[in-house]
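Fold and contact review
Spelled out, the chains give:
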Amino acid sequence: MSQTDVLWFEDVKRPDVALVGGKNSSLGEMVQNLAAEGVRVPPGFATTANAYWRYVEANNLKQVIIDRLDEMDSGKKTLAEVGQAIRSAFLGGDWPEDTIKAITDAYQELSKRAGKEDLDVAVRSSATAEDLPDASFAGQQETYLNISGEGALLDACRRCFASLFTDRAISYRQVRGFDHMQVALSIGVQQMVRSDIGGSGVMFSIDTESGFDKVVRIDAAWGLGENVVQGAVDPDAYQVFKPLLDDDSLLPIVEKTLGEKAIKMVYAPGDPPIKNVPTSKAERAAFVLDDQEIIQLGRWAAVIEKHYDCPMDMEWAKDGESGELFIVQARPETVQSRADANIFKSYRILEKGNVLSTGLSIGGAIVPGRVCLIEDVRDIEKFVDGSILVTGMTDPDWVPIMKKAKAIITDHGGRTSHAAIVSRELGVPAIVGTGDATHVLHTDQEITVSCAEGDEGFVYEGHASFEIDELNIDSLPETKTKVMLNLANPSAAFNWWRIPADGVGLARMEFVVTNQVQVHPMALVNFDTLPDADVKEEIERITAGYDDKSEYFIDTLSRGLARIAAVLYPKPVIIRMSDFKTNEYASLVGGAAYEPNEENPMIGWRGASRYYSDGYREGFALECRAIQRLRNEIGFKNVVVMIPFCRSVKEADKVLDVMAENGLVRGEDGLEVYVMCEIPSNVILAKEFATRFDGFSIGSNDLTQLTLGVDRDSEELAGIFDEEDEAVEWMIASVCEAAHKAGAKIGLCGQAPSDHPRFAEFLVACGVDSMSVVPDSFFQVKRHVFDAEANASVTAKAS
């Protein structure tokens, strides 16, 4: 066997990019160095750059390439004509005899090792300039799956050589400044993983949208992996929190979203030897991976990232015969890893039109523009530069116009689909997997694409108004007073990971219940005896896959809160137990049957009074079990529990007893419990409350309302509602003094410090330990606090 034409993966390392390309050198690197850590890579071999140049020389292709490219550069021929001519020349070439022998000998040996004649293999292209840290050639050359037999293998290898000159590859090299004659092509020949009867997908060791570096993102679908890569299927999506993966007792899965998975790619007789078929109802309703498999892939991603010392983009496959998982590709992630972590840029939508469509948001920008709807790649010459491209899905043939689009919207695809990956690299916002964009949008329509509102992207009618903030994190001053974040939306939480906040001062549980759980907890507890058939049917639809409806609540709530707990880990995250008013609870699915009609819900059956009441006690038990899972099973021990609207010390005792009955014991396993200070009784009896709770969080809105006797929602009384009123400030100063004397922590969550610099100065003077504000106000409040502390220091020195 000629070692100059073929090398086994175990003989190749990462520095051998010039010899076998980025893809194959990476496979060899993992085979040699990561097998001992349990990372499985299917065996195989690679043809070298030498084999490529020998083929080029044997068929006199060098001059053909140069002449055709010169014709394109001079304008005599189009890109399409030149690409077709060069590929045809490659496909018409003959193999040198010694190269044939090297490839077929290696294939026979691989088949022998597998114990199977004419082993089915994957044949993948690997450009010798591929997958460099500052460029991604992913998807530009061809891959052929389920190739069996020497003749079919040599034909697939020839087609791989030709694919070095696809239109998209020629265009990309020119844009990135690569010399066509300095790039060769290696071919990886790898034993097929029987994922056609299992599953496969894509994995990143970083959040692909926010760049959050503490999570692994995994997309999964049934069958061979090309559908996930190309965006032809809406996959399952999982996220795993890396810092907790070393503890075998934990399951740090912070997202599990069921994808539609409408089709799967399987083996087929004939040419091509693969085809797409519809998935069964059972497959669509089931997750591709179980929890332990998700954790295993997450651990592999962390191992691979650590070895390469950079964020990684990987493809994985699950063998349907053996049940084993494999890594079939790994390359450096090329978008978020290059972003400037010190520059924080945020978009905020202001006025907007009707929602026309929704999908998965890619990027964080907001873009208004005009639609150009193209459903067939053969019509891409009709694209109007600077328009918003709307199409069913994309593959690498779409790249020439994707580069010219202001934004991209697709019907199909997940976060690791071709459209998503290319959009990120190009810096073009996209919404993928809408399901209906090509149906509800039309060419020349004026729309706004918003990717700035969390995981969900919105297409709005007309041109929306919005603001853009850009700040340098390095310019932020240090402060003694902690400045924390108020967060509610799990889907948007990762957007704020770069903010150097001191934790999450208020995480609103009710937002997760409303937007993700959607169902009243008591309707889940009593599901079997619900009298309303329509409500029961709606709950069945929402909770599909959960036989135990209470488990649905616990699982969904704990994962939603986990995303918030992860953002600033291991800094504290204070989660307020549900603080719906009765009218808000009633709006949940099945809620009307469990909520009274109150004249004034603001001071009605809310907060702590519900938790020990027979009308909600079982619902609160589910909240407690979700927190217990969040801390003990997922692993976020940084979570602090906070009780809202606790009117009396007796009520505090009742709530703490109910929590203990449901596994949440203050002081046990490091659990801290805070109380909202939003009722005058909390201030008057602060000393007594401080013996029962570890800290206070001042809710300035409710405290102002109840101190001044002003309905905060009343337009007529808006001028009286004033958090800086001397009575309110007396309340705040008094509770701060009492808390400090008792050794309890004291903070404030609200907008007043951002709206009024003088109020921030007042809070600093009171000695609050922390202020918690919405992310958009963080930088402003941080500076207000710094100025207040500086002024206080000057005053102290002067006195």
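Report follows, based on the coordinates. (Residues numbered from 1 in each chain as written. Predicted model: local features only at pLDDT ≥ 70, side-chain atom pairs only at ≥ 80, totals over all residues. Heavy atoms only, no water.)

1. With respect to the overall build of the protein
For the protein, the count of helices and strands is 29 helices and 30 strands. Here the protein has a C-alpha radius of gyration of 30 Å; the compact-globule value for 799 residues is 28 Å, and the two agree. Expressed along its principal axes, the backbone C-alpha trace of the protein runs to roughly 95 × 55 × 50 Å. Scored against the burial criterion, the 799 residues of the protein give a buried share of 58%. (Helix = DSSP H or I, 4+ residues; strand = E, 2+ residues; numbered from the N terminus. Rg over C-alpha atoms; globule rule 2.2 N^0.38 Å. Buried < 20%, exposed > 50% of the residue type's maximum accessible area, 1.4 Å probe, protein only.)

2. Section: empty space enclosed by the protein
Taken as a whole and assessed by the stated rule, the structure comprises two cavities of 30 Å³ or more. A volume near 170 Å³ is recorded for the largest cavity. If you go around the largest cavity, you meet 19 residues; those closest to its centre are Arg-124, Ser-195, Gly-225, Ala-317 and Val-328. Going through the elements one at a time, strand 3 (121-127), strand 5 (185-191), strand 6 (199-204), helix 8 (226-230) and strand 12 (312-318) are the ones with two or more residues in the lining of the largest cavity. For the lining of the largest cavity, the element with the highest residue contribution is strand 12, accounting for three residues. Here the residues of the lining of the largest cavity are counted per class, giving 10 nonpolar, six polar and three charged. (1 Å grid on protein atoms, 1.4 Å probe; cavity = no way out; pocket = protein on both sides within 12 Å on 5 of 7 lines; lining within 4 Å. Points joined across faces, edges and corners; volume = space filled by probe spheres on them. Nonpolar A, V, L, I, M, F, W, Y, C, P; charged D, E, K, R; others polar.)

3. Re helix 2 (residues 49-58)
Within helix 2 the residues assigned to the buried category are Ala-49, Ala-51, Tyr-52, Tyr-55 and Val-56. Along the axis of helix 2, the buried residues cluster in a sector spanning 160°; they form a single face. Positive phi shows up at Asn-60, right after helix 2, with a value of about 55°. (Arc of directions from axis to C-beta.)

4. Details of the nonpolar core
One finds Phe-636, Ile-643, Met-659, Phe-696 and Ile-732 to be the most contacted residues of the largest nonpolar core, which totals 107 residues. Counting residues in each nonpolar core, the second largest holds 42 residues, with Tyr-55, Leu-61, Ile-147 and Met-181 among its members. (Core = buried A, V, L, I, M, F, W, Y, C linked by side-chain atoms within 4.5 Å.)

5. So, the sheet that holds strand 13 (residues 325-332)
Note: strands within a sheet are paired through backbone hydrogen bonds, in either parallel or antiparallel orientation. Taken together, six strands build an open sheet; the order of strands is 9-8-7-6-12-13 and the sheet is antiparallel. Two strands close off the open sheet at either side, each with one partner strand: strand 9 (253-257) and strand 13. Shown here is a sheet whose adjacent strand axes are inclined to one another by a mean of 15°, direction ignored. Strand direction decides the pairing type here: strand 6 and strand 7 (residues 215-222), joined by six bridges, are antiparallel. (Pairing = 2+ DSSP bridges. Axes fitted to C-alpha atoms, helices over the stretch in contact; angles between N-to-C directions.)

6. Overview of the pattern of salt bridges
For the coordinates displayed, the defined rule picks out 53 salt bridges. Two residues, Arg-54 and Asp-98, come together in a salt bridge whose shortest N-O distance is 1.9 Å. Separated by 44 residues along the polypeptide, Arg-54 in helix 2 and Asp-98 in helix 5 (residues 97-114) bring together distant segments of the chain. Residue Arg-541 is joined to Glu-538 by a salt bridge in which the shortest nitrogen-to-oxygen separation is 2.8 Å. With a gap of three residues between them, Arg-541 and Glu-538 both fall in helix 17 (residues 533-542), about one helical turn apart. Given a relative accessible area of 54%, Arg-541 falls into the exposed group. Members of the salt-bridge network, linked through shared partners, are Glu-209, Arg-217, Asp-219, Glu-255, Arg-415, Arg-424, Asp-455 and Arg-563. (Salt bridge = Lys/Arg side-chain N within 4 Å of Asp/Glu carboxyl O.)

7. Overview of the packing of helix 1 (residues 17-33) against helix 10 (residues 291-308)
At their nearest, the axes of helix 1 and helix 10 sit 12 Å apart, and the two run at 105° to each other. Accordingly, the angle class assigned to the pair helix 1 and helix 10 is roughly perpendicular. Mapping the contact onto sequence places Ser-26, Glu-29, Met-30 and Asn-33 in helix 1 and Ile-304, His-307 and Tyr-308 in helix 10. Its residues assigned to classes, the contact of helix 1 with helix 10 shows three nonpolar, three polar and one charged. (Parallel < 35°, antiparallel > 145°, perpendicular 65-115°, else oblique. Contact = heavy atoms within 4.5 Å.)

8. Some remarks on the sheet that holds strand 18 (residues 407-410)
If you walk around this closed barrel you meet the seven strands as 15-19-18-17-16-20-21, and the pairing is mixed. Pairwise comparison of adjacent strand axes, ignoring direction, gives a mean angle of 35° for this sheet. One ladder, built from two bridges, connects strand 18 with strand 19 (residues 430-432); its direction is parallel. From the neighbouring strand, Ile-408 faces strand 19, where its bridge partner is Ala-430.

9. Points about the packing of aromatic side chains
Across all of its chains, the model carries 23 aromatic pairs by this definition. With centroids separated by 5.4 Å and ring planes inclined at 45°, the aromatic side chains of Trp-95 and Phe-161 adopt a geometry described as tilted. Here the residue Trp-95 occupies a position in the loop between helix 4 (79-91) and helix 5, and Phe-161 occupies one in helix 6 (residues 150-162), the gap between them amounting to 66 residues. You can call Trp-95 buried: its relative accessible area is 8%. For the ring pair Phe-241 and Phe-636, a centre distance of 5.0 Å and an interplane angle of 50° mean the geometry is tilted. Note that Phe-241 is positioned in strand 8 (residues 236-241) and Phe-636 in the loop between helix 21 (617-634) and strand 26 (639-643), a separation of 395 residues in sequence. Classification of Phe-636 by relative accessible area gives buried; the value is 0%. Three or more aromatic residues joined by ring pairs make a cluster, and in this case those are Tyr-52, Trp-53, Tyr-55, Phe-90, Trp-95, Phe-161 and Phe-165. A cation over a ring is seen here: Arg-113 above Trp-8, with NZ or CZ 3.9 Å from the ring centre. Lying across the ring of Tyr-616, Arg-610 places its NZ or CZ 4.6 Å from the centre. (Phe/Tyr/Trp six-rings, centres within 6.5 Å; stacked < 30°, edge-to-face > 60°. Lys NZ or Arg CZ within 6 Å of the ring centre and 35° of its normal.)

10. Some points on the pairing of strand 16 (residues 366-373)
With seven of eight residues buried, strand 16 lies mostly within the body of the structure. In this structure, strand 16 lies alongside strand 20 (residues 446-450), joined through five bridges in antiparallel fashion. Opposite Ile-366, over in strand 20, you have Ser-450 as the bridge partner. One ladder, built from three bridges, connects strand 16 with strand 17 (residues 388-391); its direction is parallel. Counted as the bridge partner of Cys-372 is Leu-389 from strand 17.

11. Digging into helix 7 (residues 167-176)
Along an α-helix, residues three or four apart share an orientation, since each turn contains 3.6 residues. Within helix 7, burial applies to Arg-168, Ala-169, Ile-170, Ser-171, Tyr-172 and Arg-173. In the segment just after helix 7, Gly-177 is the residue with positive phi, at about 80°.

12. Concerning the packing of helix 4 against helix 6
Direction vectors running N to C along helix 4 and helix 6 enclose 155°, while the axes themselves pass 8 Å from each other. Between helix 4 and helix 6, the interaxial angle falls into the category roughly antiparallel. Relative to helix 6, the crossing made by helix 4 is right-handed. Contact residues: Arg-87, Phe-90 and Leu-91 in helix 4; Arg-158, Arg-159, Phe-161 and Ala-162 in helix 6. Of the residues belonging to the contact of helix 4 with helix 6, the class tally is four nonpolar, no polar and three charged. (Left-handed = near helix turned anticlockwise from the far one by under 90°.)

13. Examining the environment of Arg-54
Given a relative accessible area of 26%, Arg-54 falls into the partly exposed group. With 69 residues separating them along the chain, Arg-54 and Val-123 place their C-alpha atoms 19 Å apart. If we skip the residues at most four places from it in the chain, Arg-54 touches Asp-5, Pro-96, Asp-98 and Thr-99.

14. Description of the side chain of Arg-331
Note on placement: Arg-331 falls in strand 13. Take Arg-331: its relative accessible area is 7%, and that puts it in the buried class. A polar contact is formed between the side chain of Arg-331 and the side chain of Glu-315, at a distance of 3.1 Å. (Polar contact = N/O pair within 3.5 Å; in protein donor to acceptor, adjacent residues only side chain to side chain.)

15. Structural notes on the state of the cysteines
Linking two cysteines covalently via their sulfur atoms produces the bond known as a disulfide. By the definition in use, this model includes zero disulfides. Between Cys-157, a cysteine without a disulfide, and Cys-160, which holds the nearest cysteine sulfur, the sulfur-to-sulfur distance is 6.1 Å. We note that Cys-624 lacks a disulfide partner, and the nearest cysteine sulfur, in Cys-646, lies 14 Å from it. The class of Cys-624 is buried, set by a relative accessible area of 0%. (Disulfide = S-S within 2.5 Å.)

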